[in-house]
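Each chain is listed here by its residues.
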Amino acid sequence: MESRKEKKKGKSIWISILIFIVSAGVWSAVSYYGYTYAKNYIDTSIQKVQQENALNIKGVNEQIQLLTAEIKDLRSSIRDTDSSISDSAQVQGKIDDKLKSLDSQLKKLESTLKVLQEAPNVKN
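Residues numbered from 1 in each chain as written. Predicted model: local features only at pLDDT ≥ 70, side-chain atom pairs only at ≥ 80, totals over all residues. Heavy atoms only, no water.

## Thoughts on the overall build of the protein
Looking only at helices and strands, the protein has 1 helix and 0 strands in total. Computed over the C-alpha atoms, the radius of gyration of the protein is 52 Å, more than 25% above the 14 Å expected from 2.2 N^0.38 for a compact globule of 124 residues. Here the C-alpha coordinates of the protein stretch approximately 180 × 20 × 10 Å along the principal axes. Only carbon and sulfur atoms are counted for the fraction: they give 62% of the accessible area of the protein, which is about 11900 Å². (Helix = DSSP H or I, 4+ residues; strand = E, 2+ residues; numbered from the N terminus. Rg over C-alpha atoms; globule rule 2.2 N^0.38 Å. Areas by Shrake-Rupley, 256 points an atom, 1.4 Å probe, with all protein chains shown as cover.)

Next comes the structure, spelled out in structure tokens:
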């Protein structure tokens, strides 16, 4: 027959093993649920950041499109201005040519006027 000490020792070993198994189970459960909670939190945070980034990218794309349209308008305005400047240069050239022509006609008129002015003097 076993003595009482041996029975108590055997029971205490089984109780220790049971406490260890229960503790390991509780620790495993807490670790698992902590891991899943952290993973869900991180996944949710990543999704929020991705959504914000998508909205920011959409806004940036809209701004790029607006800037592109403004640049096209500016280029068109510059082309029109350049064309106007070219036309102005051509007009200025024509005006200069016309002024030279009028200047030469004025000189001819002056010489003719001198001839006419001298003509009455010749009669005297």
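## Regarding the pattern of salt bridges
One pass over the full model with this rule turns up 2 salt bridges. The shortest N-O distance in the salt bridge between Lys 39 and Asp 43 comes to 3.2 Å. Taken together, the positions of Lys 39 and Asp 43, both in helix H1 (residues 4-123) and 4 residues apart, correspond to about one turn of that helix. Using a relative accessible area of 40% as the deciding quantity, one classes Lys 39 as partly exposed. Here Asp 103 and Lys 107 are joined by a salt bridge, their closest N and O atoms 3.8 Å apart. Taken together, the positions of Asp 103 and Lys 107, both in helix H1 and 4 residues apart, correspond to about one turn of that helix. (Salt bridge = Lys/Arg side-chain N within 4 Å of Asp/Glu carboxyl O. Buried < 20%, exposed > 50% of the residue type's maximum accessible area, 1.4 Å probe, protein only.)

## What to know about the packing of aromatic side chains
A ring pair, where both rings are aromatic, is described by two values, the distance of the centres and the angle of the planes. A complete count under the given rule lists 1 aromatic pair for this structure. Taken together, a centroid distance of 5.3 Å and an interplanar angle of 70 degrees make the contact between Tyr 32 and Tyr 33 edge-to-face. One exposure class covers both Tyr 32 and Tyr 33, and it is exposed. (Phe/Tyr/Trp six-rings, centres within 6.5 Å; stacked < 30°, edge-to-face > 60°.)

## Quick notes on the environment of Ser 101
Mapped onto the elements, Ser 101 comes out in helix H1. Ser 101 sits in the partly exposed class, given a relative accessible area of 30%. As a C-alpha pair, Ser 101 and Gly 25 span 76 residues in sequence and 111 Å in three-dimensional space.

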